[in-house]
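So you can see what is in the structure, the chains are spelled out below.
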Amino acid sequence: DLFGANISQNELDEIIISYQSFGDKSLVIELIIKKFVFSNESNISPIDRTNDATIESFVIESFEKIYNRTPNSFETWFLSDFLKSNEDINSQTFYYSIMTANEYRYY
């Protein structure tokens, strides 16, 4: 739920046509995700980098929103440390990375 609203039927029909038109489904899925994540209308809040706790909260909230689960302690530590070490990674890039991961595709 990147927009806080349902996808319109017309937009959903366009996505289905695009999906069915290509042989490489994984590429189409990545392009669709990229379109939504980097859209000006997406509801992705920026990463608050004021302290370690706010970065960890961002990671936890992102996992709960996308994967519908709480990240384990290693996932929280690893991704928080990654975001602390790479300030050029913004929230959209982070969402894109977790939405194109195999776990997201599995469910």
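Residues numbered from 1 in each chain as written. Predicted model: local features only at pLDDT ≥ 70, side-chain atom pairs only at ≥ 80, totals over all residues. Heavy atoms only, no water.

Enquirer: Any details on the confidence of the model for the protein chain? Residues and values, ideally.
Expert: In low-pLDDT segments, the atomic positions of the prediction should not be examined closely. Residues with a pLDDT of 70 or more make up 94% of the protein chain, whose mean pLDDT is 88. The least confident element of the protein chain, judged by mean pLDDT, is helix α6 (residues 102-106) at 73; the most confident is helix α4 (residues 73-85) at 96. (pLDDT = per-residue confidence, 0-100. Helix = DSSP H or I, 4+ residues; strand = E, 2+ residues; numbered from the N terminus.)

Enquirer: Give a description of the packing of aromatic side chains that names residues and reports values.
Expert: If you walk through the whole model with that rule in mind, you get seven aromatic pairs. On the basis of an interplanar angle of 75° and a centroid distance of 4.9 Å, the ring pair of F63 and Y67 is categorised as edge-to-face. Here the aromatic rings of F74 and F78 are separated by 6.0 Å at their centres, their planes lie at 25°, and the arrangement is stacked. Of the two residues, F74 and F78 are both situated in helix α4; the distance of four residues between them amounts to about one turn of the helix. One aromatic cluster in this structure is built from F58, F94 and Y95. Seen from the ring of Y19, K25 lies directly overhead, with NZ or CZ sitting 4.7 Å from the centre. (Phe/Tyr/Trp six-rings, centres within 6.5 Å; stacked < 30°, edge-to-face > 60°. Lys NZ or Arg CZ within 6 Å of the ring centre and 35° of its normal.)

Enquirer: With reference to specific residues and values, describe the packing of helix α3 (residues 52-66) against α4.
Expert: Between α3 and α4, the least distance of the axes is 9 Å, while the angle of their chain directions is 120°. Overall, the two elements α3 and α4 adopt an arrangement that is oblique. Crossing angle aside, the handedness with which α3 passes α4 is right-handed. Seen from α3, the contacting residues are D52, I55, E56, F58, V59, I60 and F63; seen from α4, they are E75, T76, L79, S80, L83 and K84. Broken down by class, the residue content of the contact of α3 with α4 amounts to seven nonpolar, two polar and four charged. (Axes fitted to C-alpha atoms, helices over the stretch in contact; angles between N-to-C directions. Parallel < 35°, antiparallel > 145°, perpendicular 65-115°, else oblique. Left-handed = near helix turned anticlockwise from the far one by under 90°. Contact = heavy atoms within 4.5 Å. Nonpolar A, V, L, I, M, F, W, Y, C, P; charged D, E, K, R; others polar.)

Enquirer: Just give me the short version of the side chain of T76, but keep the residues and values in it.
Expert: Here T76 is to be found in helix α4. For T76, a relative accessible area of 10% translates into the label buried. Beyond its immediate sequence surroundings of up to four residues, T76 is in contact with E56, V59, I60 and P71. (Buried < 20%, exposed > 50% of the residue type's maximum accessible area, 1.4 Å probe, protein only.)

Enquirer: If you had to explain unusual backbone geometry to someone new, which residues and values would you point to?
Expert: Here the phi dihedral of N68 falls at roughly 60°; this positive angle occurs in a residue that is not glycine. Counting through the fold element by element, N68 comes out in the loop between α3 and α4. By relative accessible area, N68 is classed as exposed at 70%.

Enquirer: Give me the packing of α3 against helix α5 (residues 91-99): which residues, what numbers.
Expert: The interhelical angle for the contact between α3 and α5, taken along N-to-C directions, is 45°, at an axis separation of 11 Å. Between α3 and α5, the interaxial angle falls into the category oblique. Regarding α3 and α5, the two cross each other, and that crossing is right-handed. Of α5, the residues touching α3 (which contributes F58, V59, S62, F63, K65 and I66) are S91, F94, Y95, I98 and M99. For the contact of α3 with α5, the residue count by class is eight nonpolar, two polar and one charged.

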